[in-house]
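# Secondary and tertiary structure notes
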Amino acid sequence: MAEPEVNVLRHLPAVAAVLATAEAALLVERHGRVAATEAIRKVIDDARDALRETPSDVPGASELAQQALARLDARTPGLRPLFNLTGVVLHTNLGRAVLAEAAIEAAVEAMRHAVALEYDLTGGTRGERDDHVRDLLCELTGAQDATVVNNNAAAVLLGLNTFALGREAVVSRGELIEIGGAFRMPDIMARAGAQMVEVGTTNRTHAADYRDAFNERTGLVLKVHTSNYRIQGFTAEVGARELAALADAAGVPLLNDLGSGSLVDLSRYGLAREPTVREAVEEGARLVTFSGDKLLGGPQAGFIVGDRALIAQINRNPLKRALRVDKLRLAAIEATLNLYRDPDRLAQRLPTLRFLARDKVDIGAQARRLQPVVAASLGDAFAVEVGECLSQVGSGALPLDTLHSAALLIRPRGSQSELERLNTALRALSRPVVGRIADGALRLDLRCLAETDEALFVATLARLDLHGPAARTP
Ligand SMILES: *Cc1c(COP(=O)(O)O)cnc(C)c1O
């Protein structure tokens, strides 16, 4: 760097000088002294870098304070809401299920007040936190008992650790799944302290394979729902009912990990059939695990339902304490489960099911309604048309089942790079719009755009800035 510029840099105000300005007073009042000082330090650093690049006027203390204020004011919460127009209803990276109003209200109340979390109001004695949902889970699944943990991965971990610590856990080679986000069955087994015993082959596993593997060291038999793939062709698997009988004969508990699981028959809502938790219990597995925020449509949670004696053993495992859920989620879980007691109104009240069951004609009408408005917001550089598309359930549930849907297909009239620029600008909106680029078009699948959110969607798009700073950075 050229020497003379060093002198210019010496004229940059110090942090203390910027903090002493009237503008900084507002900055401190709004964001606190620590954040204000940090922001001032950063704008001074940036100004120094800029001056080294291109010599120009040195900014004054007030100007730097204003820049710091603008910087902090512009900061938006990382977990701010967005429009999920990806077409994946239960998108793990976008937080999976959107909760029902009843669940939201219950969680808010639990946040705001003291609650009888582990307190028995009848006797005034100590209670158990799972009690709030235990009866509901038993009623909805037909199981004897139930327990709740952080997520389904935790449920499987806890089941393995309780029954197969230092012992063997038997599983079919065709079911050694990996689910997104580093949930690999062999790794979970190892961390649970279980020795994995694989039986059968990738495509075929027979009853005799399990029978041969059982011995006095066997602690648990695992059946895993192959959530995110299917093995097709020359295949054989031992069904849950038969496996339960085999396990019972060997005196070993069978844990059936359903993954998503569902509490209702989804074919009733026009979706493909997914085994229900009640069926899995009825088939004889001693323990059944499933997620709270997949098809069930609640908050993140993992459920283990099954035999009373086994659930009691799980609850005595010290790991249960480390994996338990808090009052917020318990409140939301209880409210969500309650909705299942009235299946006729479930699709109305549970957003996950409402989105999944949405008819393509309805979505198509919405797309035609929004097409001119969106076209106007995007301007001449893009063509917007209504097209058909396929949505997915997501989260490994019903992986091969796609749902006919409608989307706004956006294509650039000019260069293809315009599409990336648009996508970036959409993500930079106050409520980001997240779609998917495929086959040269940005596709906004409207399945998950509630009609009540349409006005907000239109208003948000109206502020689209295709030439803003976010749109320029790749
Ligand atoms: C999704 C899934 C899990 C993990 O459940 P989380 O609730 O995401 O922790 C475990 N097993 C199967 C079969 C799954 O589909």
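Fair warning: this is a prediction, and the values are worked out from it, not measured in the lab.

### Looking at the environment of Asn317
Relative to the helices and strands, Asn317 is located in the loop between α13 (308-316) and α14 (318-323). Residue classification places Asn317 among the buried positions, given a relative accessible area of 9%. Between the C-alpha atom of Asn317 and that of Gly159, which follows or precedes it by 158 residues, the distance is 9.5 Å. Asn317 has contacts with Leu158, Asn161 and Thr162, leaving out every residue within four places of it along the chain.

### Quick notes on the sheet that holds strand β12 (residues 302-306)
Within the open sheet, the 7 strands sit side by side as β4-β12-β11-β10-β9-β5-β8. Their pairing is mixed. Every interior strand has two partners, whereas the edge strands, β4 (145-149) and β8 (195-199), have only one. Between one strand axis and the next, the sheet turns through 25 degrees on average, direction left out of account. One ladder, built from 5 bridges, connects strand β11 (residues 287-291) with β12; its direction is antiparallel.

### Considerations on unusual backbone geometry
At Arg96, a position not held by glycine, the phi torsion is positive, near 55 degrees. As for its placement among the helices and strands, Arg96 is situated in the loop between β1 (83-84) and α6 (101-112). For Asp439, which is not glycine, the phi dihedral falls at a positive 50 degrees. On the basis of relative accessibility, which here comes to 77%, the residue Asp439 falls in the exposed class.

### What to know about the layout of surface pockets
One number sums up the size of the largest pocket: a volume of about 1,200 Å³. Looking at the largest pocket, it is lined by 37 residues, and the ones nearest its centre are Pro81, Leu94, Ala97, Val98 and Leu99. Elements supplying a minimum of two residues to the lining of the largest pocket: β1, α6, α15 (327-339) and α17 (351-357). Here the lining of the largest pocket gets 6 residues from one element, more than from any other, and that element is α6. Among the residues forming the lining of the largest pocket, the class breakdown is 22 nonpolar, 6 polar and 9 charged. Summarising the domain contributions, the lining of the largest pocket has at least three residues from each of domain 2 (83-92 + 355-472) and domain 3 (101-346). Estimated volume of the second largest pocket: approximately 570 Å³.

### Considering the packing of helix α3 (residues 22-31) against helix α5 (residues 61-73)
Orientation of α3 relative to α5, taken along the N-to-C sense of each, is 20 degrees, at an axis distance of 8 Å. One way to sum up the angle between α3 and α5 is to call them roughly parallel. In this structure, α3 crosses over α5, and the sense of that crossing is left-handed. Contacts between α3 and α5 involve Glu23, Ala24, Leu26, Leu27, Arg30 and His31 from the former and Ser62, Ala65, Gln66, Ala68, Leu69, Leu72 and Asp73 from the latter. Looking at the contact of α3 with α5 residue by residue, the classes come out as 7 nonpolar, 3 polar and 3 charged.

### Regarding the nonpolar core
The biggest cluster of nonpolar side chains holds 59 residues, and the ones touching the most others in it are Leu137, Tyr210, Val221, Val288, Phe290, Val305 and Leu337. The residue makeup of this core includes at least three contributed by each of domain 2 (83-92 + 355-472) and domain 3 (101-346). When sequence neighbours within four positions are dropped, the list of residues in contact with Val221 reads Val170, Tyr210, Phe214, Leu243, Ala247, Val252, Pro253, Leu254 and Leu255. Met185, Leu287, Ile311 and Leu323 belong to the second largest nonpolar core, which has 29 residues in total.

### Describing the domain arrangement of the protein chain
Here the protein chain is described as being made up of domain 1 (8-73), domain 2 (83-92 + 355-472) and domain 3 (101-346). Each of domain 1 and domain 3 has a C-alpha centre, and the two are 54 Å apart.

### Overview of helix α8 (residues 152-164)
With 13 residues, α8 ought to run about 18 Å at 1.5 Å a step, and its terminal C-alpha atoms sit 17 Å apart, in line with that. Counting buried residues along α8, 12 of its 13 residues qualify, which places the element largely inside the surrounding structure. Buried residues of α8: Asn152, Ala154, Ala155, Val156, Leu157, Leu158, Gly159, Leu160, Asn161, Thr162, Phe163 and Ala164, and no others. Just past α8, the residue Gly166 takes up positive phi, approximately 70 degrees.

### A short note on the UniProt feature "modified residue: N6-(pyridoxal phosphate)lysine" (unreviewed entry) in the protein chain
Per the UniProt record, "modified residue: N6-(pyridoxal phosphate)lysine" (unreviewed entry) is found at Lys294. Aside from chain neighbours lying at most four places away, what touches Lys294 is Leu90, Arg96, Ala97, Gly259, Ser260, Thr352 and Ser395.

### Brief notes about the side chain of Arg447
Position of Arg447 relative to the elements: it lies in the loop between β17 (441-445) and α20 (454-462). At a separation of 2.8 Å, a polar atom in the side chain of Arg447 contacts the main-chain carbonyl oxygen of Phe355. Within the structure, the side chain of Arg447 is placed 3.3 Å from the backbone oxygen of Leu356, a separation counted as a polar contact. When near neighbours in sequence (up to four residues on either side) are disregarded, Arg447 contacts Val89, Phe355, Leu356, Arg358, Ile363, Ser391, Leu403, His404 and Ser405.

### Points about α20
Residues Glu454, Phe457, Thr460 and Leu461 constitute the buried set of α20. All buried residues of α20 fall inside an arc of 125 degrees around its axis, so they share one side. In α20, the exposed positions that point more than 90 degrees away from the buried face belong to Ala455 and Ala462. The elements touched by buried residues of α20 are β1, α18 (360-378), α19 (417-427), β15 (433-434) and β17.

Conventions adopted
- One numbering rule holds for all chains: residues counted from 1, following each sequence as written.
- This being a predicted model, a pLDDT of at least 70 is required before a residue's local features are given, and a value of 80 or more before pairs of side-chain atoms are given or counted; all residues contribute to the totals for chains, interfaces and linings.
- Heavy atoms from the whole structure form the basis of all side-chain values; hydrogens and water molecules are not counted.
- Put simply, DSSP marks the helices as runs of H or I at least four residues long and the strands as runs of E at least two long, and each gets a number from the N terminus on.
- Each residue is assigned to one of three classes by its accessible area relative to the maximum for its type, calculated with a 1.4 Å probe on protein chains only: buried under 20%, partly exposed between the two thresholds, exposed over 50%.
- The criterion used for residue contact is that any of the two residues' heavy atoms lie within 4.5 Å.
- Between any two strands, pairing holds if DSSP finds at least two bridges.
- Orientation is described by lines fitted to C-alpha atoms, with helices fitted over the stretch in contact, and by angles between N-to-C directions that extend from 0 to 180 degrees.
- Grid points spaced at 1 Å over the protein atoms alone were grouped into cavities, where a 1.4 Å probe fits but cannot get out, and pockets, open sets with protein on both sides within 12 Å along at least five of seven lines, with lining residues defined by an atom within 4 Å of a point.
- Grid points are joined across faces, edges and corners, and a volume is the space filled by probe spheres set on the points.
- Three classes are used, and their members are as follows: Ala, Val, Leu, Ile, Met, Phe, Trp, Tyr, Cys and Pro are nonpolar, Asp, Glu, Lys and Arg are charged, and the others, Gly among them, are polar.
- Boundaries of every domain are those given by an automatic assignment or by a domain database.
- For classification purposes, angles smaller than 35 degrees are called roughly parallel, those larger than 145 roughly antiparallel, those between 65 and 115 roughly perpendicular, and all remaining angles oblique.
- Definitions for this section: a left-handed crossing has its near helix turned counterclockwise from the far helix by less than a right angle. A right-handed crossing has that turn clockwise.
- Buried residues of nine kinds, namely Ala, Val, Leu, Ile, Met, Phe, Trp, Tyr and Cys, make up a nonpolar core once their side-chain atoms join them within 4.5 Å.
- In this analysis, the expected span of each helix is defined as 1.5 Å times one less than the number of residues it contains.
- UniProt positions are given in the numbering used here, feature names are shortened, and annotations may be inferred rather than shown by experiment.
- Residues adjacent in sequence count toward polar contacts only when both atoms are side-chain atoms; beyond that, a polar contact is any pair of N or O atoms within 3.5 Å, and within protein one must be able to donate a hydrogen and the other to accept it.
- The arc in question is formed by the directions pointing from the helix axis toward the C-beta atoms.

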